[in-house]
Amino acid sequence: MSTILFELGCEELPPKSLKPLRDALQASVTEQLTTADITFDSIKAFAAPRRLAIQIQGISDKQPDRTEQKRGPAIKAAFDAEGNPTRAAMGFAKGLGIEASELTTINTDKGDYVGFEQTIRGQATTELLPAIFQTALDNLPIAKRMRSGASRNEFVRPVQWAVLMQDDTVIDASIQGHQTGTQTRGHRFHSPDYHNIAHANDYEQLLDGLKVVADFDKRQMLIKNQVKALADEVNSDAIVPQDLLDEVTALVDFPIALRASFEARFLQVPQEALISTMQADQKYFCLTDKTGKLQPYFIFITNIESKDPNQIIEGNEKVVRPRLADAEFFFLQDQKQPLFALTESLKNRVFQDKLGTIWEKSERIAKLAAFITTLMQQQGHDINVDETVRAGILSKADLASSLVGEYPELQGIAGTYYARLNDEPGAVAASLEEQYLPKFSGDVLPQTPIGICLALADRLDTLVGIFAIDQAPTGSKDPFSLRRSAIGILRILIEKQLPINLVALVEQAIKGYSDAEGSKIAKMGDTFTQVMAFLNSRYRAMYTEQGVSVDTIQAVQAINPHMPLDFDQRIRAVQAFSELSQASMLADSNKRVANILAKSEVSVADTVDEALLSESAEQNLYANVQQAQTVVQPLLEQADYTQVLQTLASLDEPLTQFFDQVMVNSEDAALKNNRLALLKQVRALFLTVADISELQL
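Since the structure is predicted, the reported quantities are computational estimates derived from the model, not experimental observations. (Residues numbered from 1 in each chain as written. Predicted model: local features only at pLDDT ≥ 70, side-chain atom pairs only at ≥ 80, totals over all residues. Heavy atoms only, no water.)

S.K.: Give a description of the overall build of the protein that names residues and reports values.
M.R.: On a plain count of helices and strands, the protein comes out with 26 helices and 22 strands. In terms of overall dimensions, the protein is more spread out than a globule: its C-alpha atoms have a radius of gyration of 36 Å, far above the 26 Å expected for 697 residues. Based on the C-alpha atoms only, the size of the protein along its principal axes is roughly 105 × 95 × 50 Å. When each of the 697 residues of the protein is scored for burial, the buried share is 49%. For the protein, contacts bridging at least 24 residues in sequence account for 68% of all contacts bridging at least 6. For the protein, the accessible surface area stands at approximately 33000 Å², while carbon and sulfur atoms represent 47% of it. The protein carries 67 positive and 92 negative side-chain charges, and their two centres are separated by 6 Å. (Helix = DSSP H or I, 4+ residues; strand = E, 2+ residues; numbered from the N terminus. Rg over C-alpha atoms; globule rule 2.2 N^0.38 Å. Buried < 20%, exposed > 50% of the residue type's maximum accessible area, 1.4 Å probe, protein only. Contact = heavy atoms within 4.5 Å. Areas by Shrake-Rupley, 256 points an atom, 1.4 Å probe, with all protein chains shown as cover. Lys, Arg positive; Asp, Glu negative; His and termini not counted. Charge placed at Lys NZ, Arg CZ, Asp CG, Glu CD.)

Shown next as structure tokens:
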């Protein structure tokens, strides 16, 4: 057993790709070693700005020998009547490099054959490794490769050196056009020269001494700890998004965290703008107080251990000041006119060629949001229609602002700031930001009633409009994020406990595209059908992400509920039902009932003639059905679907006895039709919640 070290030294690797490259390299090498039947104790990948490396400890010296059985012609064809080998047998033996006398007999179900067992010697690990590492490099997820100088070898960045060692010995190979050796390089500034690696086990320790923390995770933890310590010194919390942390970790070999500051006057600017420019442009970690309010500090990571850190701090403060000043300028410039005045320019800005301007979209949002408001008022929500309309008209105003023009990610957020400065009602101001929630899977939902109305109206308007112009998502393409919008609609209606019918919402959204000159939607009926089908199809994606089984979703979809909240309640009920001991039998019985009814050649009656119930098993089932109908009715009115299915579980035994003892397809047509009517009532009871025949239990 020995240790293998592989290192590829490059010019600075793309920071956003470094972690994925490390993981892909380790995964590929691991897979190839496993395929080659080479055992090892552990494998560790390293990644720093100028290197990718793999260290494998306890690796076997060679592949194990293996026995391979070769099968030749049938015995009858291999030997003649006197038992002498035929040309077929001799040709087979010659191909294996043996004498015909060394052939053995292989017995199979299809007859006896001549054969031979040969031992295949395993290759030395050192012979296999160069190809393994080169293949792993070739398979890395690199969008665009480059060549360096006259070399025809391609990689994400120019390669400078290559190391491949077994313990203290070089494994001679050419990787990425570079001859392997034992020399690595340290920190570009603190230790730029080549340094010899005495043993493969010394790699990480050697680089630590050369100011390179080669372990990506270790380097990241150093950054997190330093950032927290500096934030604690000013009683603040650092904003550390994982993507930014990964990128900063990939930019430095030897992380040193420093804290700097900026003028407090910039804090009058929306903090989202300041945070955005400091994170995206400068890769800084911003600081907030315990309530989340931005503080006039930031932390940055330098790659140099400076003798005078203050110079570096002052340099970063000097660099960030103009960016913050730009944000301040845009913010102040926008305040020279009220937010409503910005809507005028929206009349010349196109939302979509066939769907009109952004101003027209704002008007549609206002009307649809007002409609949703009336529905919420009927359900007891405290919400003002006039304020909702005002919010709808202002909903897209900040798209014309200078601040959003510079920082597009602030749409909605900027509107909320400006609305508050203009003394708009608090509910109106808050809704302008909330209209864009949820922004991604698992994101928070709008909290205010008007924010909920705007969020629903905006998504429904876009959904209907885009489907109307035949721009529905296809395959992996969804340029208008309609799938995300649809799930957002469903989540809001479900999680905010809003018993609102999708049919009413979609119909109203379609009406919004009509005016005195007609409708922008040529085929209203087709658009309605397509949008409803699209929304219903999103249930599967949404619930499978929550761990709900596909058959449970299909069971509810089979009865096509149009109210998302109702759909969710049915899902939860079916999930609970699936845990019952009777569930499997009842699911099978429902399948049987559905099949019997489907094969009926006559229309099955809705009522049962009790006088025709001749068998005790069918009489018992009928009595239980009657009782269940009585119990279930008030439960359905309360939408207590879980208790409905719990009640119907009592039909398990009567239904089983019915199928065991009663001939449904009796020769007596009257008996047959009456029994079908009884089964129809059983089926109808379960379909009040879901089609449990879809369950695979």
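S.K.: Break down the pattern of salt bridges for me, citing the residues and quoting the values.
M.R.: Two side chains carrying opposite charge are able to pair once their charged atoms lie near each other. One pass over the structure, following the stated rule, counts 34 salt bridges. A salt bridge links Glu11 to Arg188, with the shortest nitrogen-to-oxygen separation between them at 3.2 Å. On the criterion of sequence distance, the pair formed by Glu11 in the loop between β1 (2–10) and α1 (15–35) and Arg188 in the loop between β13 (183–185) and β14 (194–196) is long-range, its members being 177 residues apart. With relative accessibility at 28%, the residue Glu11 sits in the partly exposed group. Judged by its relative accessible area of 29%, Arg188 is partly exposed. Across the salt bridge formed by Glu154 and Arg147, the nearest N and O atoms sit 3.2 Å from each other. The partly exposed category is assigned to Glu154, whose relative accessible area is 34%. Arg147 sits in the partly exposed class, given a relative accessible area of 44%. Within this structure, Lys361, Arg364, Lys396, Asp458 and Asp461 form a network of salt bridges that share partners. (Salt bridge = Lys/Arg side-chain N within 4 Å of Asp/Glu carboxyl O.)

S.K.: Explain the sheet that holds strand β3 (residues 51–59) to me, using residue names and the numbers behind them.
M.R.: Spatial ordering of the open sheet is given by β2-β3-β1-β9-β10, a layout of five strands whose pairing is antiparallel. Here the strands that pair on one side only, and so sit at the sheet edges, are β2 (42–48) and β10 (169–170). The pairing of β1 with β3 spans seven bridges and is antiparallel. Paired with Gly9 across the bridge in β3 is Arg51. Packing of helix α4 (residues 125–138) onto the sheet brings it into contact with β1, β3 and β9 (159–166), and relative to β1 it is tilted by some 35 degrees. (Pairing = 2+ DSSP bridges. Axes fitted to C-alpha atoms, helices over the stretch in contact; angles between N-to-C directions.)

S.K.: So what's going on with the packing of α1 against helix α6 (residues 216–233)? Residues and values would help.
M.R.: Across the interface, α1 lies against α6 with an axial gap of 12 Å and an inter-helix angle of 140 degrees. Seen from α1, the contacting residues are Leu18, Lys19 and Arg22; seen from α6, they are Phe216, Asp217 and Arg219. Across the contact of α1 with α6, the residue classes break down as two nonpolar, no polar and four charged. (Nonpolar A, V, L, I, M, F, W, Y, C, P; charged D, E, K, R; others polar.)

S.K.: How would you summarise the packing of helix α14 (residues 413–421) against helix α15 (residues 426–434) if you had to cite specific residues and measurements?
M.R.: Packed helix pairs are specified by the crossing angle of their axes together with the interaxial distance, meaning the distance between the axes. Packing of α14 against α15 brings their axes to within 7 Å, and their N-to-C directions diverge by 170 degrees. What the angle tells us is that α14 and α15 run roughly antiparallel. Listed contacts from α15 to Ile413, Gly415, Thr416, Ala419 and Arg420 of α14 are Ala429, Ala430, Leu432 and Glu433. Partitioning the contact of α14 with α15 into residue classes produces five nonpolar, two polar and two charged. (Parallel < 35°, antiparallel > 145°, perpendicular 65-115°, else oblique.)

S.K.: Account for the environment of Val604, naming residues and giving values.
M.R.: Its place among the elements puts Val604 in the loop between α22 (583–598) and α23 (616–637). Each C-alpha atom of the pair Val604 and Leu679 lies 9.6 Å from the other, and the pair is 75 residues apart in sequence. Not counting chain neighbours up to four residues away, the residues in contact with Val604 comprise Leu597, Leu676, Ala677 and Lys680.

S.K.: An account of helix α7 (residues 242–251) is requested, with residue identities and associated values reported.
M.R.: Counting buried positions along α7 gives seven out of 10 residues, so the element sits mostly inside the fold. Leu244, Leu245, Asp246, Glu247, Val248, Thr249 and Ala250 are the residues of α7 that are buried. Buried positions along α7 lie against α1, α6, α8 (271–280), β17 (285–288) and β18 (294–302).

S.K.: Can you tell me about the packing of aromatic side chains, naming the residues and giving the values?
M.R.: Applying the stated criterion to the full structure yields 13 aromatic pairs. Between Phe46 and Tyr203, the aromatic rings sit 5.3 Å apart at their centres with planes inclined by 70 degrees, giving edge-to-face as the arrangement. Of the two residues, Phe46 is situated in strand β2 and Tyr203 in helix α5 (residues 203–209); the sequence distance between them amounts to 157 residues. Accessibility classification places Phe46 together with Tyr203 in one group, the buried group. On the numbers, 4.3 Å between centres and 15 degrees between planes, the contact of Tyr284 with Phe298 is stacked. Of the two residues, Tyr284 sits in the loop between α8 and β17 while Phe298 sits in strand β18, which places them 14 residues apart along the sequence. The pair Tyr284 / Phe298 is uniform in exposure class, with both members buried. Each residue in the set Tyr284, Phe298 and Phe300 is aromatic and connected to the rest through ring pairs, giving one cluster. (Phe/Tyr/Trp six-rings, centres within 6.5 Å; stacked < 30°, edge-to-face > 60°.)

S.K.: Explain the sheet that holds strand β16 (residues 256–261) to me, and be specific about the residues and the numbers.
M.R.: Strand order in the open sheet formed by four strands is β15-β17-β18-β16, with antiparallel pairing between adjacent strands. The two strands at the open ends of the sheet, each matched to only one other strand, are β15 (237–238) and β16. Docked against the sheet, α6 engages β15, β16, β17 and β18, running at close to 30 degrees with respect to β16.

S.K.: Can you tell me about the nonpolar core, naming the residues and giving the values?
M.R.: Met278, Ile372, Leu403, Leu502, Tyr543 and Leu648 are the most contacted members of the largest nonpolar core, which has 136 residues in total. Setting aside anything within four residues of it in sequence, one finds Leu648 in contact with Leu586, Ala628, Val632, Leu685 and Phe686. In this structure, Phe6, Ile56, Ile132 and Ile171 belong to the second largest nonpolar core, which totals 37 residues. (Core = buried A, V, L, I, M, F, W, Y, C linked by side-chain atoms within 4.5 Å.)

S.K.: Before we move on, can you summarise the environment of Ile59 with the specific residues and values?
M.R.: With respect to the helices and strands, the residue Ile59 is situated in strand β3. Each C-alpha atom of the pair Ile59 and Glu694 lies 51 Å from the other, and the pair is 635 residues apart in sequence. Apart from the residues within four sequence positions on either side, Ile59 is in contact with Met1, Ser2, Ile4, Leu33, Ile38, Thr39, Phe40 and Thr125.

S.K.: Account for the side chain of Thr416, naming residues and giving values.
M.R.: By the secondary structure assignment, Thr416 is in helix α14. The residues touching Thr416, leaving out its near neighbours within four places in the chain, are Ala429, Ala430, Leu432 and Glu433.

S.K.: Can you lay out unusual backbone geometry for me, pointing to particular residues and giving the numbers?
M.R.: Cis geometry marks the peptide bond from Leu437 to Pro438, where omega comes out at -5 degrees. Among the structural elements, Pro438 can be located in the loop between α15 and α16 (449–468). Positive phi values are uncommon outside glycine, yet Asp470 reaches one of about 60 degrees. Along the polypeptide, Asp470 turns up in the loop between α16 and α17 (482–495). Unusually for a residue other than glycine, Asn560 sits at a positive phi of about 55 degrees. Note on placement: Asn560 falls in the loop between α20 (550–557) and α21 (564–578).

Purely geometric numbers; function is a separate question.
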